[in-house]
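# Report on the structure
Chain residues, written in single-letter form:
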Amino acid sequence: MTVLLPPSETKREGGDTGRTLDLRALSFPELIDERAAVITAARSVSSEESSARAALKLGPKSVSERLRNLELDTSGTMPAIERYTGVLYDPLVAQDADDATRAWWFDHVVVQSAMFGPIGAGDPIPAYRLSHDSRLGSLRLASHWPAVSSRVLESRTDGLVLDLRSEGYRQLGPVPGAVAPRVVSVDGSGRRRALNHWNKTAKGRLVALLGRTGADVSSMEALVAWAAESGVVFERGDDGWDLVAESLEPVAV
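Because the structure is predicted, anything quoted here is derived from the model rather than measured.

### Some words on unusual backbone geometry
Despite not being glycine, K57 has its phi angle at roughly 55°, a positive value. Looking at where K57 falls in the secondary structure, it is placed in the loop between α2 (49–56) and α3 (66–70). Judged by its relative accessible area of 45%, K57 is partly exposed. Phi at V93 takes a positive value of approximately 45°, unusual for a residue other than glycine. In this fold, V93 is placed in the loop between α4 (80–83) and α5 (99–108). Looking at V93, the relative accessible area reads 32%, which means it is partly exposed.

This is how it looks when you write it as structure tokens:
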């Protein structure tokens, strides 16, 4: 089983200053040239405040984040699953998770980064500022990443691929045959509505529970069976699978 996650715009500061970015140490090392090209372009647009504001969509309070892109080679790193914060990643409490949970994430979770392409949950990365729709001069992420990302993801993904990425990041690395569940809320009358912003919380809680239980599944049928045992509701919807948000209570790892 492979779980695909989007990154987060918000990131934890700091890291291991004794282990700076090494593109050869990231998962899918065959992407080293593509990663280097994005880093070069990101540095270029980040070199001046005016260009960074436009390219990275930075406001007055966030414009200093451009400096992260100028310090990629020298700032400390931490595992990707700890680096990202926000609505999806906060339920993981990754920095406090036990070794077995972290090992499951490292083995099964792949993050679709705008800067680095697909990376493993345990890959050591620095803080950076880049989004799927950032404008990097002549380099367009929408044409730079999809083909190469799809190729390496398909080579890695043997069995079930659970795609929890947002649409923008899904387009940076399409995976044919992946299961992309819709997160829904069900009211007292049984009526369903798709969740937008808060669907990330349910996805984070799901990934936390998968790691904590060491889920051993290789098909959607096996995932549904695991979910039933864990109190999580996956159901067939009109256009695929629905994940019922109410069935995912906060998970402590």
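### Quick word on the nonpolar core
Core analysis: the biggest nonpolar cluster contains 76 residues, and W105, F116, L206 and L223 have the highest contact counts within it. For this core, the element with the highest residue contribution is helix α9 (residues 199–213), accounting for 6 residues. Sequence-distant contacts of F116, that is, excluding residues within four places in its chain, are made with L21, L23, L26, R35, I39, I125, P126, Y128 and W145.

### Some words on the packing of α5 against α9
Each pair of packed helices gets described by two things: the angle between the helix axes and the distance between those axes. Remark: α5 packs on α9, axes separated minimally by 7 Å, with the N-to-C direction vectors making an angle of 115°. Read as a crossing pair, α5 and α9 show a hand that is right-handed. On the side of α5, the interface is formed by A100, T101, W104 and W105, while α9 contributes V207, A208, L210, G211 and R212. Broken down by class, the residue content of the contact of α5 with α9 amounts to 6 nonpolar, 2 polar and 1 charged.

### Brief notes about the packing of aromatic side chains
Counted by the stated rule, this structure contains 3 aromatic pairs. A centroid spacing of 5.4 Å and a plane angle of 40° characterise the contact between Y84 and Y89, whose relative ring orientation is tilted. The class for Y84 is buried, based on a relative accessible area of 2%. Ring geometry for F116 against Y128: centres 5.4 Å apart, planes inclined by 80°, an arrangement best described as edge-to-face. Here F116 is found in the loop between β3 (109–113) and β4 (117–120), whereas its partner Y128 is found in the loop between β5 (124–125) and β6 (135–136), with 12 residues between them in sequence. The same class applies to F116 as to Y128, namely buried. Connected via pairs of aromatic rings, a cluster forms that spans Y84, Y89, F116 and Y128. Residue placement shows K11 over the ring face of Y128; its charged tip is 4.4 Å from the ring centre.

Rules used in this analysis
Residues numbered from 1 in each chain as written. Predicted model: local features only at pLDDT ≥ 70, side-chain atom pairs only at ≥ 80, totals over all residues. Heavy atoms only, no water. Helix = DSSP H or I, 4+ residues; strand = E, 2+ residues; numbered from the N terminus. Buried < 20%, exposed > 50% of the residue type's maximum accessible area, 1.4 Å probe, protein only. Core = buried A, V, L, I, M, F, W, Y, C linked by side-chain atoms within 4.5 Å. Contact = heavy atoms within 4.5 Å. Axes fitted to C-alpha atoms, helices over the stretch in contact; angles between N-to-C directions. Left-handed = near helix turned anticlockwise from the far one by under 90°. Nonpolar A, V, L, I, M, F, W, Y, C, P; charged D, E, K, R; others polar. Phe/Tyr/Trp six-rings, centres within 6.5 Å; stacked < 30°, edge-to-face > 60°. Lys NZ or Arg CZ within 6 Å of the ring centre and 35° of its normal.

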